[in-house]
Amino acid sequence: LDSAALKQVPSCEFFPRQAVYTNIIGSHNVVESAVANGVKKVICLSTDKAVYPINAMGMTKALMEKVAQSAAREALAAGSGARSRCTVAAVRYGNVMYSRGSVIPLFMSQLRAGKPLTITEGAMTRFLLPLPGAIDLILFAFGNARPGDIFIKKSPACTVDVLVAALGELFGIEPRIRRIGMRHGEKLYETLASREELRRAQDMGEYWRVTMDGRGLDYAKYFTEGDTKEAALDDYTSHNTERLDVAQVKALLLTLPEVQAELAAGPVPVPARAMTRARPASKSVPKQAGKPRGRPRKVPA
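Owing to the predicted nature of the structure, the values given are computational and were not obtained by experimental measurement.

Peer 1: Sorry if this is basic, but what is going on with the overall build of the chain here?
Peer 2: Each helix and strand counted, the chain has 9 helices and 11 strands in total. Residue burial in the chain is summarised as follows: out of 301 residues, 42% are buried. In the chain, of all internal contacts separated by at least 6 residues, the share reaching a separation of at least 24 is 81%. Accessible area of the chain: about 17300 Å², with a carbon and sulfur share of 56%.

Peer 1: Got a minute to help me understand the packing of aromatic side chains in this structure?
Peer 2: The geometry of an aromatic ring pair is captured by the separation of the ring centres together with the interplanar angle, meaning the angle of the planes. Across all of its chains, the model carries 4 aromatic pairs by this definition. The interplanar angle of 40° and the centroid separation of 5.6 Å between the aromatic rings of Phe127 and Tyr236 together place this pair among those described as tilted. In this pair, Phe127 is assigned in strand S4 (residues 125-127) and Tyr236 in strand S11 (residues 236-237), connecting sequence segments 109 residues apart. For Phe127, a relative accessible area of 4% puts it in the buried group. Take Tyr236: its relative accessible area is 11%, and that puts it in the buried class. On the numbers, 4.8 Å between centres and 80° between planes, the contact of Trp208 with Tyr236 is edge-to-face. Note that Trp208 is positioned in strand S10 (residues 207-210) and Tyr236 in strand S11, a separation of 28 residues in sequence. Among the aromatic side chains, those forming a connected cluster through ring pairs are Phe127, Trp208 and Tyr236. Here the guanidinium or amino end of Lys154 rests over the ring plane of Trp208, the centre of that ring lying 5.0 Å away.

Peer 1: How do you make sense of the packing of helix H2 (residues 16-36) against helix H3 (residues 56-78) when you look at a structure like this?
Peer 2: In helix packing, the relevant descriptors are the interaxial angle and the interaxial distance, both defined with respect to the helix axes. Packing of H2 against H3 brings their axes to within 9 Å, and their N-to-C directions diverge by 20°. With respect to their mutual orientation, H2 and H3 come out roughly parallel. Note on packing geometry: the crossing formed by H2 with H3 is right-handed. Contacts between H2 and H3 involve Pro16, Ala19, Val20, Asn23, Ile24, Ser27, His28 and Val31 on the former and, on the latter, Ala56, Met57, Thr60, Lys61, Leu63, Met64, Val67 and Ala71. Among the residues forming the contact of H2 with H3, the class breakdown is 11 nonpolar, 4 polar and 1 charged.

Peer 1: Which parts of the structure should I look at to understand the side chain of Asp235?
Peer 2: Within the fold, Asp235 resides in the loop between S10 and S11. Despite its burial, Asp235 pairs with no opposite charge, the nearest such side chain being Arg195 at 4.1 Å. Of the polar contacts made by the side chain of Asp235, one reaches the backbone nitrogen of Arg195; its length is 2.8 Å.

Peer 1: Explain helix H8 (residues 246-253) here, please?
Peer 2: Note that an α-helix has 3.6 residues per turn; residues three or four places apart therefore point the same way. Listing the buried residues of H8 in full gives Val249, Leu252 and Leu253. Mapping the buried residues of H8 onto a view down its axis gives an arc of 100°, with all of them on the same face. Tucked into the core, H8 has its buried residues touching helix H4 (103-112), strand S6 (157-159), helix H6 (160-170) and helix H9 (257-264). Its side-chain oxygen at 3.3 Å from the backbone nitrogen of Ala247, Asp245 defines the N-terminal cap of H8.

Peer 1: Help me understand H6, please; the structure alone is not making it clear to me.
Peer 2: By the criterion of burial, H6 is predominantly enclosed, with 8 of the 11 residues buried. All of the buried residues in H6 are Val160, Val162, Leu163, Val164, Ala166, Leu167, Gly168 and Leu170. Looking at the buried residues of H6, the elements they touch are H4, strand S3 (117-119), S6, strand S7 (177-179), H8 and H9. The positive-phi residue at the C-terminal boundary of H6 is Gly172, with phi of around 70°.

Peer 1: What's the story with the sheet that holds strand S9 (residues 201-203) in this structure? I'm lost.
Peer 2: Remark on secondary structure: sheet strands pair via backbone hydrogen bonds, oriented parallel or antiparallel. Pairing is mixed in the open sheet, where 5 strands are placed in the order S1-S2-S5-S10-S9. The open sheet terminates on both sides in strands that have one partner only, identified here as strand S1 (41-47) and S9. Neighbour to neighbour, the strand axes of the sheet diverge by 25° on average, direction disregarded. Here strand S5 (residues 150-153) runs beside S10; their pairing, made up of 4 bridges, is antiparallel. When the bridges of S10 are listed, Ile150 appears paired with Val210. Against the sheet, H3 touches S1, strand S2 (87-93) and S5, its axis set at about 155° to S1.

Peer 1: Explanation requested: the pattern of salt bridges in the structure shown.
Peer 2: Opposite charge on two side chains permits them to pair, given that their charged atoms come into close proximity. As enumerated under the stated definition, the model contains 15 salt bridges in all. In this structure, the salt-bridge partner of Arg83 is Glu74, at a minimum N-O distance of 3.2 Å. The residue Asp149 makes a salt bridge to Arg209 at a minimum N-O spacing of 2.6 Å. On the criterion of sequence distance, the pair formed by Asp149 in the loop between helix H5 (131-144) and S5 and Arg209 in strand S10 is long-range, its members being 60 residues apart. Overall, Asp149 belongs to the buried group, its relative accessible area being 2%. Owing to a relative accessible area of 7%, Arg209 belongs among the buried residues under this scheme. One salt-bridge network, held together by shared partners, links Glu32, Glu74 and Arg83.

Definitions and cut-offs
- Residues numbered from 1 in each chain as written.
- Predicted model: local features only at pLDDT ≥ 70, side-chain atom pairs only at ≥ 80, totals over all residues.
- Heavy atoms only, no water.
- Helix = DSSP H or I, 4+ residues; strand = E, 2+ residues; numbered from the N terminus.
- Buried < 20%, exposed > 50% of the residue type's maximum accessible area, 1.4 Å probe, protein only.
- Contact = heavy atoms within 4.5 Å.
- Areas by Shrake-Rupley, 256 points an atom, 1.4 Å probe, with all protein chains shown as cover.
- Phe/Tyr/Trp six-rings, centres within 6.5 Å; stacked < 30°, edge-to-face > 60°.
- Lys NZ or Arg CZ within 6 Å of the ring centre and 35° of its normal.
- Axes fitted to C-alpha atoms, helices over the stretch in contact; angles between N-to-C directions.
- Parallel < 35°, antiparallel > 145°, perpendicular 65-115°, else oblique.
- Left-handed = near helix turned anticlockwise from the far one by under 90°.
- Nonpolar A, V, L, I, M, F, W, Y, C, P; charged D, E, K, R; others polar.
- Lys, Arg positive; Asp, Glu negative; His and termini not counted.
- Salt bridge = Lys/Arg side-chain N within 4 Å of Asp/Glu carboxyl O.
- Polar contact = N/O pair within 3.5 Å; in protein donor to acceptor, adjacent residues only side chain to side chain.
- Arc of directions from axis to C-beta.
- Pairing = 2+ DSSP bridges.

In structure tokens form, the structure reads like this:
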């Protein structure tokens, strides 16, 4: 199992060479070592950020998938020998709930400290996957992988606003909110499978098996052959998957041992009302009652 990675978006943005060394070259070294030592199967862990990547973390994980599939092609071409006996495949999923660096433990620490929750964009959606679901996906891949496969678990999603509301209801408070806006390298929504991949994917119930692109390097065919049905498909994103409401997110949060432990630890501090600073009087601009705090939310085109 190749699970070592630099997965924090900001650190990869500022240190992209380290992301290349770990996420691409490191995975290549794992695969080559597995082949040399007679390992029968290697599963590489990828991320939803590898689909249409806009940051260094996603770009390097996308290339990691290509490295794994390149090794799979070499195994099929070898026909016999150690390389042909090693099956290399991958799994792809979004953020695991309550994993290190994810937003739920951040919100919990802010709640415990009586601080406002720092929200980037309330309409932002993310896939929700508890740790047991990620483990089940990996085990499913080990049991079913063929060379070059990428396995994806179908997952629900919710908006950041719904997640915050669910946490507030669980702990019986109405948390204060501080909207900070989207950060560098962030998307409004994530994509687990592109339409190109879904066109060749096998629906396996809870999972998709995305098979390896079987085309060769005959460039003449790129001018004469295509797929007329691909354009009719949609990508599989956190915007168009099953969208959970507050009650459903609460139920999912209650399955997490970390959230259960926080609830057992006692109530969080009730946040004080936000202090507002009085504006100086102005003759030309009247005071506007009820004006929302923070910058207005941008609606995507």
